[in-house]
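Secondary and tertiary structure notes
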Amino acid sequence: MTTLSTPEMQILQATAGDYEGVIAISEGVFMGIDYLPFRYHAWLKDPQRRMFVAKLEEKVVAFDSFLVVDGGVTAVLQGLRVAPWLRGRGVAGIIQKFTLDTLRLDHPDVTKIRLTRTEDPPPTMLNKYRLLHSKAVVSIYLLADELEETFMVLESRLPSTSQDFPPPVFLDYSEVRSLFSGPLKEEDILPGRFLIQSWLPITTCKANLDLTQRWRVQWLCTYPFSATRKIDGLNELSEVLASSDITNDGSTSKEDDISVSSTGPSITAVKGFLSLGTPMFPVPLGDGKNRLDIDLFGTDLSCAKIHVVFQLKEAVKALPTGGSVVCSVFAEEILRDGLTGFLDGITLFSRCREQLVLEMDIKPVKTPPSTQCHS
Ligand SMILES: CC(C)(COP(=O)(O)OP(=O)(O)OC[C@H]1O[C@@H](n2cnc3c(N)ncnc32)[C@H](O)[C@@H]1OP(=O)(O)O)[C@@H](O)C(=O)NCCC(=O)NCCS
């Protein structure tokens, strides 16, 4: 196959009229749980976002976008896709170059770009970007008529939320804005000190928290606590250890926040736990099929289980009768096995195993992008 050169292709600012063309090149993207069909028109209205389409003979053949975040110093690239019949011919490179050139020209204060990808990105990407963080992804498929039974099973697998595990609380946005000036410390639960909200990696600056409010993201928090945990057996012991001895950079903590005795109860200090639930939305997988993303922050497995159930229960209140949900849970790698075991018996949806956050520094340019962008 030959590589396509830029003059054959027009790159334009995307419009509402390009929706059908973008959908036509998106079939099968993300195994049917693509967010773009649902978000396209809202994205167009977002003043912080720019969206681009590449056209060949007036037909949409590629899409890309950026969103300016972190109060104007970072842009996140989102939604890249190329028509299936043109993949492997360099089109992604062409539209990405145009997107980046436009970004540099129009937003000279932006010095970093970030993006998220699933496992095994092309080696050329890893030459350009540095890997900031990687999280485990566990996805399940829930049918409406199985929900009640699923919740019963999951609840039976939860630790008691009474004395040992204080129940998490949903936060209102005044609480969200002051969250990290209280007992919950950003550095304790956010590796790299950024959030990843439904594949969007952003810092906790006020402008970003306001964005999550606009998107009606559900913030659920367990504040730091100390608890006496009875160590019943090897499994519980390894869960407790796994959830307590890993620091945010993945190394083993020397600073012991747990003491374990093989015979009796032990005191655990949990540094808190946070989760973000992105409201469900319909996806192309089929009629009545919805997607729910739950991002977990923290390393305590018991808290992780409790947060998944709380977020799921809150989200499915909005599930239309007969609907079903693909729910993806994003968690620190150390929690993968524990969460997989917790969700055992529920149909797995295997779209991907990992969520990678990549970042690159950029410099502003002074000349317009080589392919004219017509707005
Ligand atoms: C991933 C996809 C956009 C690649 O498009 P493509 O035109 O076939 O890409 P090519 O293999 O020709 O690679 C061209 C360039 O894009 C880059 N690229 C490839 N996949 C990429 C990805 N997932 N993200 C960012 N850049 C990517 C390559 O590194 C290459 O860069 P270079 O020109 O600097 O070497 C295409 O396969 C696709 O649409 N897949 C379905 C949607 C999807 O998975 N999108 C990515 C996640 S949002």
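Structure: see above.
The paragraphs below set out a description of the structure included in this document. Here the residue index of a chain counts from 1 through its sequence in written order. Owing to the predicted nature of the model, reporting of local features is limited to residues with pLDDT of at least 70; listing and counting of side-chain atom pairs is limited to 80 or more, with chain, interface and lining totals taken over all residues. Only hydrogens and water are removed before side-chain values are computed, so all heavy atoms of the structure are retained for them.

Let's talk about the sheet that holds strand S7 (residues 169–170)
Two strands form a pair only when DSSP identifies at least two bridges running between them. A run of DSSP states H or I qualifies as a helix once it reaches four residues; a run of E qualifies as a strand once it reaches two. Both are numbered from the N-terminal end. Taken together, the 12 strands give an open sheet; going across it, the order is S1-S2-S3-S4-S5-S16-S6-S15-S14-S13-S10-S7, and neighbouring strands pair in mixed fashion. If you trace the sheet from one side to the other, it starts and ends with strand S1 (10–13) and S7, each paired once. The pairing of S7 with strand S10 (residues 218–222) spans two bridges and is classified as antiparallel. Note on S10: the bridge partner recorded for Phe 170 is Leu 220.

Details of the environment of Glu 148
Mapping Glu 148 onto the fold places it in helix H5 (residues 147–156). Separated by 165 residues in sequence, Glu 148 and Lys 313 have C-alpha atoms that sit 10.0 Å apart.

Description of the nonpolar core
Residues Tyr 40, Phe 63, Leu 103, Ile 113 and Tyr 129 are the most contacted members of the largest nonpolar core, which totals 47 residues. Each domain's limits were defined by an automated method or a database of domain assignments. Both domains that furnish three or more residues to this core are identified here as domain 1 (6–119) and domain 2 (134–351). If you look at the next biggest cluster of nonpolar residues, it comprises 35 residues, including Met 280, Leu 301, Ala 315 and Cys 327. Nine residue types can take part in a nonpolar core, namely buried Ala, Val, Leu, Ile, Met, Phe, Trp, Tyr and Cys, and a core is a set of them joined through side-chain atoms within 4.5 Å. Working definition: with a 1.4 Å probe on protein chains only, accessible area under 20% of the residue-type maximum means buried, over 50% means exposed, and in between means partly exposed.

Some details on unusual backbone geometry
Negative phi is the rule for most residues except glycine; trans is the rule for most peptide bonds. Of note, Glu 57 is a non-glycine position whose phi angle comes to about 45 degrees, a positive value. Within the secondary structure, Glu 57 is located in the loop between strand S2 (49–56) and strand S3 (59–69). Residue Glu 57 is classed as exposed on the basis of its relative accessible area, which comes to 79%. We note that Ser 198 has phi near 50 degrees; this positive angle belongs to a residue other than glycine. Counting through the fold element by element, Ser 198 comes out in the loop between strand S8 (194–197) and strand S9 (200–203).

Topic: helix H10 (residues 301–316)
Expected span of a helix: the number of residues minus one, times 1.5 Å. Spanning 16 residues, H10 covers 23 Å between terminal C-alpha atoms, matching the ideal 22 Å at 1.5 Å per step. Within H10, 13 of the 16 residues are buried, which leaves the element mostly enclosed by the surrounding structure. Structurally, the start of H10 carries an N-cap: the backbone nitrogen of Ser 302 is 3.1 Å from a side-chain oxygen of Asp 300. What qualifies as a polar contact is a pair of N or O atoms within 3.5 Å, subject to a donor-acceptor requirement within protein and to the restriction that residues adjacent in sequence count only when both atoms come from side chains.

Remarks on the pairing of strand S13 (residues 273–282)
With eight of its 10 residues buried, S13 lies for the most part within the structure. As defined by bridge partners, S10 adjoins S13 across five bridges and the pair is classed as antiparallel. Residue pairing across strands places Thr 222 opposite Phe 273, the latter belonging to S13. As paired strands, S13 and strand S14 (residues 289–297) are joined by seven bridges and run antiparallel to one another. Opposite Gly 277, over in S14, you have Ile 294 as the bridge partner.

A short note on the environment of Ala 75
By secondary structure assignment, the location of Ala 75 is in strand S4 (residues 74–82). For Ala 75, a relative accessible area of 0% gives the class buried. Leave out the neighbours within four places in its chain, and Ala 75 touches Phe 66, Leu 67, Val 68, Leu 103, Val 110, Lys 112, Ile 113 and Arg 114. We call two residues in contact whenever any of their non-hydrogen atoms come within 4.5 Å of each other.

So, the packing of aromatic side chains
Only rings of Phe, Tyr and Trp enter the pairing, Trp through its six-membered ring, and a pair is recorded when the two centres are within 6.5 Å. The plane angle decides the type: under 30 degrees is stacked, over 60 is edge-to-face, the rest tilted. As enumerated under the stated definition, the model contains eight aromatic pairs in all. Ring plane angle 80 degrees and centroid distance 5.4 Å describe the contact between Trp 199 and Phe 330, whose orientation is recorded as edge-to-face. Here Phe 330 lies in strand S15 (residues 324–331) and Trp 199 lies in the loop between S8 and S9, a separation of 131 residues in the sequence. The burial state of Trp 199 is the same as that of Phe 330; both residues are buried. Among the aromatic side chains, those forming a connected cluster through ring pairs are Tyr 19, Tyr 40 and Phe 63. Whether a charge sits over a ring depends on NZ of Lys or CZ of Arg being within 6 Å of the ring centre and within 35 degrees of the ring normal. Directly above the ring of Phe 281 sits Arg 39, whose terminal nitrogen or CZ lies 4.4 Å from the centroid.

Here we look at the site of the ligand
If a single non-hydrogen atom of a residue is within 4 Å of a molecule or strand, that residue counts as near it. Around the ligand lies a shell of 17 residues, among which Gly 88, Gly 90, Arg 117, Thr 124 and Lys 128 are the nearest. Note that an oxygen atom of the ligand is positioned 2.6 Å from one of the backbone N or O atoms of Gly 90. Between Ala 92 and the ligand, the recorded distance is 3.0 Å, taken from a backbone N or O atom to an oxygen atom. In these tables, accessible area is a Shrake-Rupley quantity obtained with a 1.4 Å probe, and a residue counts as shielded only by the protein chains included in the view. Coverage of the ligand by the protein chains reaches 72% of its 860 Å² of free accessible surface. It is helix H3 (residues 91–106) that provides the largest number of residues to the shell around the ligand, a total of four residues.

Some points on the side chain of Thr 102
If you trace the backbone, Thr 102 turns up in helix H3. Within polar-contact distance, the side chain of Thr 102 engages the backbone oxygen of Phe 98 at 2.8 Å.

Topic: the packing of H5 against H10
Only the stretch in contact is used when a helix axis is fitted, and all axes are lines through C-alpha atoms; the angle between N-to-C directions ranges over 0 to 180 degrees. One can describe the packing of H5 onto H10 by two numbers: an axis separation of 11 Å at closest approach and a directional angle of 160 degrees. The angle between the axes of H5 and H10 places the two elements in the roughly antiparallel class. As H5 runs across H10, the sense of the crossing is left-handed. Residues Leu 147, Phe 151, Leu 154 and Glu 155 of H5 pack against Val 309, Leu 312, Lys 313 and Val 316 of H10. A breakdown of the residues in the contact of H5 with H10 according to their chemical character gives six nonpolar, no polar and two charged. Each angle gets one of four labels, with under 35 degrees taken as roughly parallel, over 145 as roughly antiparallel, 65 to 115 as roughly perpendicular, and the rest as oblique. Two helices that cross are described as forming a left-handed crossing if the nearer one is turned anticlockwise from the farther one by less than a right angle, and a right-handed crossing if clockwise. Amino acids outside the nonpolar list (Ala, Val, Leu, Ile, Met, Phe, Trp, Tyr, Cys, Pro) and the charged list (Asp, Glu, Lys, Arg) are all regarded as polar, and Gly is one of them.

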